[in-house]
Amino acid sequence: MPFELIRSEILVQGRAFKVKRDTLKMPDGRETKLEIVEHGGSVVLFPLDKEGNLLFVRQYRSAVGKELLELPAGTRDENEPFEECAAREIREETGMQAGKLQKIGEFYLVPGYSTELMAAFLATELKENPLQADEDEFLQVEKVPLKKAMEMAERGEIQDGKSLAALLLARSHLEKYLV
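These lines cover the structure that appears in this document, whether it is placed above or below. (Residues numbered from 1 in each chain as written. Predicted model: local features only at pLDDT ≥ 70, side-chain atom pairs only at ≥ 80, totals over all residues. Heavy atoms only, no water.)

Now for unusual backbone geometry. Of note, the phi angle at Glu78 is positive, near 50°, even though the residue is not glycine. Its relative accessible area of 72% is what places Glu78 among the exposed residues. Its identity is not glycine, yet Glu125 carries a phi of approximately 55°, on the positive side. Here Glu125 lies in strand E9 (residues 117–128). Classification of Glu125 by relative accessible area gives exposed; the value is 56%. (Buried < 20%, exposed > 50% of the residue type's maximum accessible area, 1.4 Å probe, protein only. Helix = DSSP H or I, 4+ residues; strand = E, 2+ residues; numbered from the N terminus.)

Given below as structure tokens:
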């Protein structure tokens, strides 16, 4: 017997997501309530310059109370195609435009309570072409040699989950840079 949705109610309607409470009938017949974050999807970018440097952004994350080193990322505008979102976000967050964007995978960020599907893109052939950054973002771009970035991830120095997932997904596309 599968899980059955009995009812769903919206608790909060935010700018980028909404929170709902679902009442489900479980396979054993009991009912349970789950709070779910409904999110329209997002992208994470793996911007690699011609010198083999990876572009990260450092930004303050209020939820954890500290700055994190992260790969550039952002939320889709409504039904915006993932590739268009990726092309926009790299320009907003790093000031660089990707001559080539290659989708390298996708994953759910936190499927225990969110619908957010994130697509990961390898961005190469970078050239300067900035877009106005979001007014609530204060980002510092940092170039890190690819091999060093992988070592930082392995040592636990990168704590952002989406960045770690993108580093793993990109690995098979980067063998020539990791020698």
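Structure's up, so let's keep going.
On to the sheet that holds strand E3 (residues 31–39), then. Strand order in the open sheet made by the three strands is E1-E2-E3, with antiparallel pairing throughout. If you trace the sheet from one side to the other, it starts and ends with strand E1 (4–13) and E3, each paired once. The mean angle between the axes of side-by-side strands here comes to 25°, regardless of whether they run parallel or antiparallel. One ladder, built from nine bridges, connects strand E2 (residues 17–25) with E3; its direction is antiparallel. Paired with Lys25 across the bridge in E3 is Glu31. (Pairing = 2+ DSSP bridges. Axes fitted to C-alpha atoms, helices over the stretch in contact; angles between N-to-C directions.)

Consider a sheet: its strands pair through backbone hydrogen bonds, and that pairing is either parallel or antiparallel. The antiparallel open sheet is built from three strands, whose spatial order is E6-E5-E10. Edge strands, defined here as strands with exactly one partner in the open sheet, are strand E6 (66–70) and strand E10 (140–145). Across the sheet, the mean angle separating the axes of adjacent strands is 30° when strand polarity is ignored. One ladder, built from five bridges, connects strand E5 (residues 53–61) with E6; its direction is antiparallel. By the bridge assignment for E6, Gln59 is matched with Leu68.

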